[in-house]
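Summary of the model geometry
Spelled out, the chains give:
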Amino acid sequence: MSVLAVSNLAKRYRRGGEPFAAVDDVSFEIEQAETLALAGPSGSGKSTIARLVLRLIGPDAGRIDFEGHDFLALSGAALRARRARLQMVFQDPLAAFNPRATVARVLDDPLRMHNIASRTERPRHIAALLQRVGLDAGLAARAIHEISGGQRQRVAIARAIATRPSLIVLDEAVSALDVSVRGQILELLLDLQRQERIAYLFISHDLGVIRAIAHRVVILDAGRVAESGDARTVIANPQSAIGKALVAATPRLIRNRP
Amino acid sequence: MNRLRRFFRSPEAIAGALILALLMMMALAAPLLFPGDPQAIAGPALLPPFQDWPLPLGTDRLGRDVLAELFHGARTSLAVGLAAAAAALLIGAVVGTSAGFAGGLVDEVLMRITDAFQTVPSFLLALAFVSIVGPSLGVVVAAIALGAWTGPARVARAEVLSIRERDYVAGARVIGMHPLEIAFREVLPNALPPVLALSSVIVAAAILTEAALSFLGLGDPNRVTWGGMIAEGRTVLRTAPFLSIVPGVALVLTVLGVYLAGEGVVESTAVRRSLS
Ligand SMILES: Nc1ncnc2c1ncn2[C@@H]1O[C@H](COP(=O)(O)OP(=O)(O)OP(=O)(O)O)[C@@H](O)[C@H]1O
Ligand SMILES: [Mg+2]
């Protein structure tokens, strides 16, 4: 059974009074411990799909099944409880946190909200989470703006795994990081996937990164699926015009999965 | 610390802070320096100022000590001004945050109510409220707050509308935070700075409104107020003008002090923000 099954998803917005489809009849599935990449040019609807899947916005049509249940049927407390299993990591790790927060508070929130640990146990949990993502437990007392971008993205990942999700949506999660940090974060993601069997919906416009981390890829063009398949096969031999253009625009592809 | 240094670099801010500090000291010292009832008769009626050492500012029409009244009046003015402004800011922040965060029908209803309050002149509103409910300190505070919360509500709503689209609010939803907690714990604190920037104007206006209500005889009758003193003095304006001038000057200085100090705070934080 797939972790996530999206079928015939559609979302329309208005542009200059005219309705247009930001997402148009999109379907895909993600299996347990699998990474599915969404690729496509700017404005092709990648982030809109992420927001639909996370129920941050509602679709105009389509169906989302998460862990075998109709995800769109949930609301209120039932939805909030189910959210523990479906997490997200944003592109800009600074914008993703309350500017007043400390690292400890950021990690404390999900533990408290989903009753994962009692008040007295939580500091120990937070330390363990920080260590799990390769950070020093002493970082907990720092304010979010007092740590580096790479550390911040690790905190974002720690927050995402705090509730033991089965799927994490990563929208350009490594795009803002410099190359060496990017490699380390990708390593961490692969390691977490191997150990915790987490599935990723990995959004990126960088085919090199996708080739390194994703099992399968869906290439989008103007809200529609242009082509999809095994990540290496598609990137080595794209069939669609947009796929060919994306490959041509990527100067040097990383050869192997690290 | 930097902010403090920048605050004290502007002479207006220093003047404002000094006036406020003096006022605070007057308000706090009033029961110590003048422990008796300030409304009790202390000497002959209409004693001019600087004639009699125990009554340096003289006495009013009924022989009450003007200096004692001035000190106790500072207490009322400050207490009412601060309490009314605090209440107005609190109501405004809660209403504005709820409207901006909830959106849709809730927003529509709350903002129409805000409009309604805003179209009635706030002084008339206060006047009507006190006339109906009856004058006491709490009622005066409520009456003033009733006409002052709409400004903070609008500013808070505008700020919340922009904050609500930020990634971290989406992040809070994704981890399953309750909407009320998101609105009041994640969004509201970050929407506060521009709302608090209104406080000096609101405190100043509240002090003036309180004085005007007392002048019209709608203040708490058990307390000395500057507005009440001015009203008292008006009847003997020709023979004893100082009875109106002394509380009048105190009122002007207070409003000026609040305003200057408030501007100083806003300026020093604004510089900080444009630098970062
Ligand atoms: N709230 C909105 N209102 C109107 N139009 C929107 C809204 N959100 C997105 N769009 C439009 O929908 C289309 C898809 O946007 P989306 O953010 O999903 O693209 P994307 O693939 O993530 O692009 P990028 O690679 O630049 O992040 C764009 O044309 C965008 O302008
Ligand atoms: Mg995007």
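Residues numbered from 1 in each chain as written. Chains lettered and ligands numbered in written order. Predicted model: local features only at pLDDT ≥ 70, side-chain atom pairs only at ≥ 80, totals over all residues. Heavy atoms only, no water.

Let us look at the domain arrangement of chain A. Note on interface size: it is often stated as the accessible area lost on association of the parts. All names here are of chain A. Once the domains are mapped, chain A shows domain 1 (1-85 + 167-258) and domain 2 (93-164). Placing a centre on the C-alpha atoms of domain 1 and another on those of domain 2 gives a separation of 25 Å. Between domain 1 and domain 2, the contact holds 17 residues from the first and 12 residues from the second. With both sides pooled, the region where domain 1 packs onto domain 2 buries about 1200 Å², and carbon together with sulfur makes up 61% of that total. With a shortest N-O distance of 3.4 Å, Glu-196 and Arg-164 are connected by a salt bridge. Looking at the side of domain 1 that touches domain 2 element by element, the count peaks at nine residues for helix 6 (residues 179-196). Within the side of domain 1 that touches domain 2, the residues separate by chemical class into 11 nonpolar, two polar and four charged. (Domains from an automatic or database assignment. Contact = heavy atoms within 4.5 Å. Buried area = accessible area lost by both parts, 1.4 Å probe. Salt bridge = Lys/Arg side-chain N within 4 Å of Asp/Glu carboxyl O. Helix = DSSP H or I, 4+ residues; strand = E, 2+ residues; numbered from the N terminus. Nonpolar A, V, L, I, M, F, W, Y, C, P; charged D, E, K, R; others polar.)

Let us now look at the site of ligand 1. All names here are of chain A. As a structural note, the neighbourhood of ligand 1 is formed by Tyr-13, Arg-15, Phe-20, Ala-22, Pro-41, Ser-42, Gly-43, Ser-44, Gly-45, Lys-46, Ser-47 and Thr-48. In this structure, Ser-44 approaches ligand 1 through a main-chain N or O atom, which is 3.2 Å from an oxygen atom. The side chain of Ser-47 places a nitrogen or oxygen atom 2.8 Å from an oxygen atom of ligand 1. Protein chains shield 61% of the accessible area of ligand 1, which is 630 Å² for the free molecule. Those elements that place two or more of their residues in the shell around ligand 1 are strand 1 (4-15), strand 2 (18-30) and helix 1 (46-53). With three residues, helix 1 is the single largest residue contributor to the shell around ligand 1. For the shell around ligand 1, the class distribution of residues is four nonpolar, six polar and two charged. (Near = heavy atom within 4 Å. Polar contact = N/O pair within 3.5 Å; in protein donor to acceptor, adjacent residues only side chain to side chain. Areas by Shrake-Rupley, 256 points an atom, 1.4 Å probe, with all protein chains shown as cover.)

This brings us to the interface of chain A and chain B. Contact residues are listed per partner, giving 22 residues for chain A and 17 residues for chain B. Of the charged contacts in the structure, one is a salt bridge between Glu181(B) and Arg112(A), with a shortest N-O distance of 2.7 Å. At the level of elements, strand 6 (86-89) and helix 3 (103-113) of chain A are the ones that each hand at least two residues to the side of chain A that touches chain B. Considering every element that reaches the side of chain A that touches chain B, the biggest residue donor is helix 3 of chain A, with five residues.

Okay, the sheet that holds strand 3 (residues 35-39) of chain A next. All names here are of chain A. A sheet is described by the order of its strands in space; here six strands give the open sequence 6-7-8-3-9-10, paired in mixed fashion. At either end of the open sheet lies a strand with only one pairing partner, and these are strand 6 and strand 10 (224-230). This sheet shows a mean twist of 20 degrees between the axes of neighbouring strands, independent of strand direction. Across six bridges, strand 9 (residues 216-221) lies against strand 10 in antiparallel orientation. Within strand 10, the position partnered with Val-217 by the bridge is Gly-229. (Pairing = 2+ DSSP bridges. Axes fitted to C-alpha atoms, helices over the stretch in contact; angles between N-to-C directions.)

Looking at chain A as a whole, the pLDDT averages 93, with 97% of positions reaching at least 70. Across residues 254-258 of chain A the pLDDT falls below 50, and counting only partners more than four positions away or on other chains, this stretch makes 16 contacts in the model. (pLDDT = per-residue confidence, 0-100.)

Time to look at empty space enclosed by the protein. All chains considered together, the criterion is met by two cavities of 30 Å³ or more. By volume, the largest cavity is sized at about 90 Å³. Gln87(A), Met88(A), Val89(A), Phe90(A), Ala96(A), Phe97(A), Ala156(A), Arg159(A), Gly171(B), Val174(B) and Ile175(B) together form the lining of the largest cavity. Mapped onto the lining of the largest cavity, the elements with two or more residues apiece are strand 6 and helix 5 (149-161) of chain A together with helix 8 (167-174) of chain B. For the lining of the largest cavity, the leading source of residues is strand 6 of chain A, giving three residues. In terms of residue class, the lining of the largest cavity is built from eight nonpolar, two polar and one charged. Roughly 70 Å³ of internal volume is contained in the second largest cavity. What lines the second largest cavity is simply Ala96(A), Phe97(A), Asn98(A), Ala101(A), Arg105(A), Val106(A), Asp109(A), Arg159(A), Tyr168(B), Ala172(B), Met177(B) and Glu186(B). At the level of secondary structure, the elements contributing two or more residues to the lining of the second largest cavity comprise helix 3 of chain A together with helix 8 of chain B. Ranked by residue count, the leading element in the lining of the second largest cavity is helix 3 of chain A, at three residues. For the lining of the second largest cavity, a count of residues per class yields seven nonpolar, one polar and four charged. (1 Å grid on protein atoms, 1.4 Å probe; cavity = no way out; pocket = protein on both sides within 12 Å on 5 of 7 lines; lining within 4 Å. Points joined across faces, edges and corners; volume = space filled by probe spheres on them.)

Residue and element names in this part refer to chain B. A cluster of nonpolar residues, Leu-90, Val-94, Leu-180 and Phe-184, forms a patch on the protein surface that exposes about 370 Å² of accessible area. Elements with a contribution of two residues or more to the nonpolar patch: helix 3 (66-102) and helix 9 (179-196). As for its placement among the helices and strands, Leu-90 is situated in helix 3. (Patch = residues over 30% accessible without salt bridge, like charges linked within 9 Å, V, L, I, M, F, W, Y side chains within 5 Å.)

Residue position: Arg185(B) is located in helix 9. Measuring from C-alpha to C-alpha, the distance between Arg185(B) and Leu110(B) comes to 20 Å, with 75 residues separating the pair along the chain. Beyond its immediate sequence surroundings of up to four residues, Arg185(B) is in contact with Asn98(A), Arg105(A), Asp109(A), Arg112(A), Met177(B) and Leu180(B). Reaching out from Arg185(B), the side chain makes a polar contact with the side chain of Asp109(A) at a distance of 3.3 Å. There is a polar contact of 2.7 Å between the side chain of Arg185(B) and the side chain of Glu181(B).

Let us look at the side chain of Thr97(B). All names here are of chain B. As for its placement among the helices and strands, Thr-97 is situated in helix 3. In this structure Thr-97 comes out as buried when scored by relative accessible area, which is 0%. The contact partners of Thr-97, leaving out residues within four places of it in the chain, are Ala-102, Ala-156, Val-160, Ala-183, Phe-184 and Leu-188. (Buried < 20%, exposed > 50% of the residue type's maximum accessible area, 1.4 Å probe, protein only.)

What follows deals with the layout of surface pockets. By volume, the second largest pocket is sized at about 440 Å³. Taken together, 20 residues form the lining of the second largest pocket, with Leu56(A), Phe101(B), Val169(B), Arg173(B) and Ile182(B) sitting closest to its centre. Here the lining of the second largest pocket gets four residues from one element, more than from any other, and that element is helix 8 of chain B. Residues that form the lining of the second largest pocket fall into these classes: nine nonpolar, three polar and eight charged.

So, on to the sheet that holds strand 4 (residues 61-66) of chain A. Residue and element names in this part refer to chain A. Taken in spatial order, the four strands make up an open sheet running 2-1-4-5, and their pairing is antiparallel. Two strands in the sheet have a free side with no partner beyond their single neighbour: strand 2 and strand 5 (69-70). Where strand 1 meets strand 2, nine bridges bridge the pair, whose relative direction is antiparallel. Bridge pairing in strand 2 links Val-6 to Phe-28.

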